[in-house]
Amino acid sequence: MPNPPVAHMAHRRACLHWLGVFALCLLITAPLAAQPSGGPYGPIPQSYAVPTSGTVYYVAPDGVAESAGTVLAKPTTIESAIARVVTGDAIVLRGGTYRTGSLQLNQGITLQPYLDETPVLKGTRLATEWEALRDGVWRTKWETLFPAQPLAWWRREREGMRTPLHRFNNDMVFVDGKLLRSAGWEGELDEDTYYIDYDSGHVYLGIDPADRQVEITAHDIALHRPSREVHGKASDGKGPTIRGITFTQYAFRAIDIEDRKPSTGPNEEPTDDPVGVSPRSEHGKQVVGTTLEHVTISFTSRVAGYFRGDNLVIRNSLVSDTGTEGIYLIGSSGSLLERNIVRRNNIEQLTGYYASAVKIFNQSHDVVVRDNLVIEHPHSNGVWYDVGNVDGVFANNHVEGTQIGFFFEISTGVLVAGNVFVDNGQGIRVLNSAAARVYHNTFLDSPVMFDRDERSAQGDHFGWHPATGPDVDEREGHVFKGNLLVASAGFGRTLLHFDQPAALCGTLTRPMASKVDRNAYVHARRGGEPLVTWSPVRGQDCLAGYASLQAFRVGTGMEANGVELDGYEGTLFRSVDLRNFELAHVPAGVDEVPVAAEALQVLGWRGANHLPGALPVSAGSVDP
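Remember, predicted model here, so these are calculated numbers, not experimental data.

S.K.: Can you tell me about the packing of aromatic side chains, naming the residues and giving the values?
M.R.: Following the criterion strictly, the structure yields 26 aromatic pairs and no others. Geometrically, the ring pair formed by Phe406 and Phe408 is stacked, given 6.3 Å between the ring centres and 15° between the ring planes. We note that Phe406, like Phe408, is buried. One cation-aromatic arrangement involves Arg125 over Trp142; the distance from NZ or CZ to the ring centre is 4.4 Å.

Right, dumping it as structure tokens:
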């Protein structure tokens, strides 16, 4: 690990790449005694010592397949090394570009760079033979194409007029490193698009490829970790450790870790493992302990990776420019995601595919997502715990520019604490779930919603999925305490929702939340929308809107100790422009409140009391 100055310099470069403006990274590169931690996030350049145990295989882009690869000066190919390794061995990659894919590995080994070199695995090949046609169009014959269709549950009658079917194909075309966008036929081509005729096997461009580097996908996966025998070896049940490697430009996905069910193709459901309701002891055990550190995965047509198996760790990695998901965790318990940057998911803007930058799916237990940057997702949700998850932790993350920052659906038990949510369509949504405890988060222009509806496992569009979570009458027990909800000038939407449909008025009469208290609501100018909505209440639709905190308190008995600052136009945060969401000062009427013991434990705060929200008052605070 580099010394702190090197780490902060590395993160400063990551910030510049992220936001393009150095000033916006000052908060993150400066050391802070606050939550989120301030990083460093994403991959940190460093020098990797050569392992001293097991057999070490050296590989290089120009390695010789027949070479033993055990001597630095005589490297082998990565394909040959993958076929030879056994548990405890290491593959050390020399720097450069490896145009490779479909690597199958079932041993618990290490893959890492040689010292500080930069190995890049690419799923594309160079396209150099082009035929000029009329009207500024060029074409080339291409043998490795990856046509695909929407999955069976996609609703064409609802989404077909918004997402053309050719967007579901998994091929990608890059010109001088820039990803082009698919077109429906040759007549739509321009310098930013490509078209593929799958019947003839031709790729078409609307830009002259002469003197340009054109790359077209040739592999739909980089590394596949099956749970069955490959290369004449039985699976050892251990996941690989991958450090310091970049995977980019793969059709479909870069990494796929299996559990019991073999990995599927692009037109089959990849996430039903387990199939049906399954005890924790019966899934996630085939490949355990996969670790990714300081890894970059970018430009994958669907997901960065499907990760199955317990005790997965992904830390200090960058997942960027992905399709329907970035990190897809399935049936994996005891796993950890920390200090990663996840940005720009759903780059093809598919609709009806429920895109999410991070998906924790299908009966995962005790998954911790802490201290990550989840940013730049205007066409995607942020982090989504979906279907049958139990006892998750989502803490100290910065989530900005998503549709829903944190989504908890058909699941039971999550602790959400110390996060900062900025400019999200919704900061948090808890849907058809139980026992979500939400403490000391900061929300800027990011409303919060708890809701439930009639959805059950009977006749559901997705079959058995709702049966993995709480039943219709069990979707309650939420806690919302010590949070700071802020609406900037001109943001007139409701800040906090507790909603259910009128059809459930006579069936579900207990509130979804057992405790709502000690939150602070700050808004510059209220519009016509209520401050809070609440259900169930007596009445035809059993839904009420409250224009003020006092009205909400009287109507529900909640928020006995809450605070509302109506018409607040002072400086609340240290610097929104610099993304510093520490408080500039303590606003009049806002006091420290007790912090729940479980939140203190997760956040590591020293005092038993804290101001509402995720962050303290800045050390350089100003007078109100």
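S.K.: Give me the lowdown on unusual backbone geometry, citing residues and values where you can.
M.R.: Cis geometry is adopted by the peptide bond preceding Pro274, which originates at Asp273 and carries an omega value of 10°. Locating Pro274 in the fold gives a position in the loop between strand S19 (253-257) and strand S20 (291-293). Going from Ser535 to Pro536, the amide bond is cis rather than trans, its omega being 5°. Positioned with a positive phi, Asn396 is a non-glycine residue whose angle comes to about 65°. Positive phi, close to 60°, is recorded for Glu559, a residue that is not glycine. Accessibility expressed as a relative area gives 1% for Glu559, which makes it buried.

S.K.: Outline the state of the cysteines, listing residues and values.
M.R.: Scanning the model with the defined rule gives one disulfide in all. The partner cysteine of Cys505 in its disulfide is Cys542, sulfur to sulfur 2.2 Å. A torsion of -80° about the S-S bond marks the disulfide between Cys505 and Cys542 as left-handed. Taken together, the residues Cys505 in the loop between strand S43 (496-499) and strand S44 (513-517) and Cys542 in the loop between strand S46 (532-534) and strand S47 (544-546) connect sequence positions 37 residues apart. As far as burial versus exposure is concerned, Cys505 and Cys542 are alike and both buried.

S.K.: Describe the pairing of strand S48 (residues 563-566), with residues and values.
M.R.: Residue alternation in S48 divides its side chains into a buried set, Val563 and Leu565, and an unburied set, Glu564 and Asp566. The pairing of strand S45 (residues 520-523) with S48 spans four bridges and is parallel. Each bridged residue has a counterpart across the sheet, and for Tyr521 the counterpart in S48 is Glu564.

Cut-offs and rules
- All residue numbers refer to position in the chain's written sequence, counted from 1.
- Restriction of local features to residues with pLDDT of at least 70 applies here, the model being predicted, together with a cutoff of 80 or more for giving and counting side-chain atom pairs; totals for whole chains, interfaces and linings are based on all residues.
- Processing note: side-chain calculations cover all non-hydrogen atoms of the structure and skip hydrogens and water entirely.
- Note on ring pairs: Phe, Tyr and Trp rings are taken, using the six-membered ring of Trp, and paired if centres are within 6.5 Å. Classes follow the plane angle, with under 30 degrees stacked, over 60 edge-to-face and the rest tilted.
- Summary of the burial criterion: residues with accessible area below 20% of their type's maximum are buried, those above 50% are exposed, and those between are partly exposed, where the area comes from a 1.4 Å probe applied to protein chains only.
- Two limits define a charge over a ring: the Lys NZ or Arg CZ must be within 6 Å of the ring centre, and within 35 degrees of the ring normal.
- For the purposes of this entry, the term helix denotes a DSSP run of H or I that reaches at least four residues, the term strand denotes a run of E that reaches at least two, and both are numbered from the N terminus.
- Defined by distance alone, a disulfide is two cysteine sulfur atoms within 2.5 Å.
- Being paired, for any two strands, means DSSP has found at least two bridges between them.

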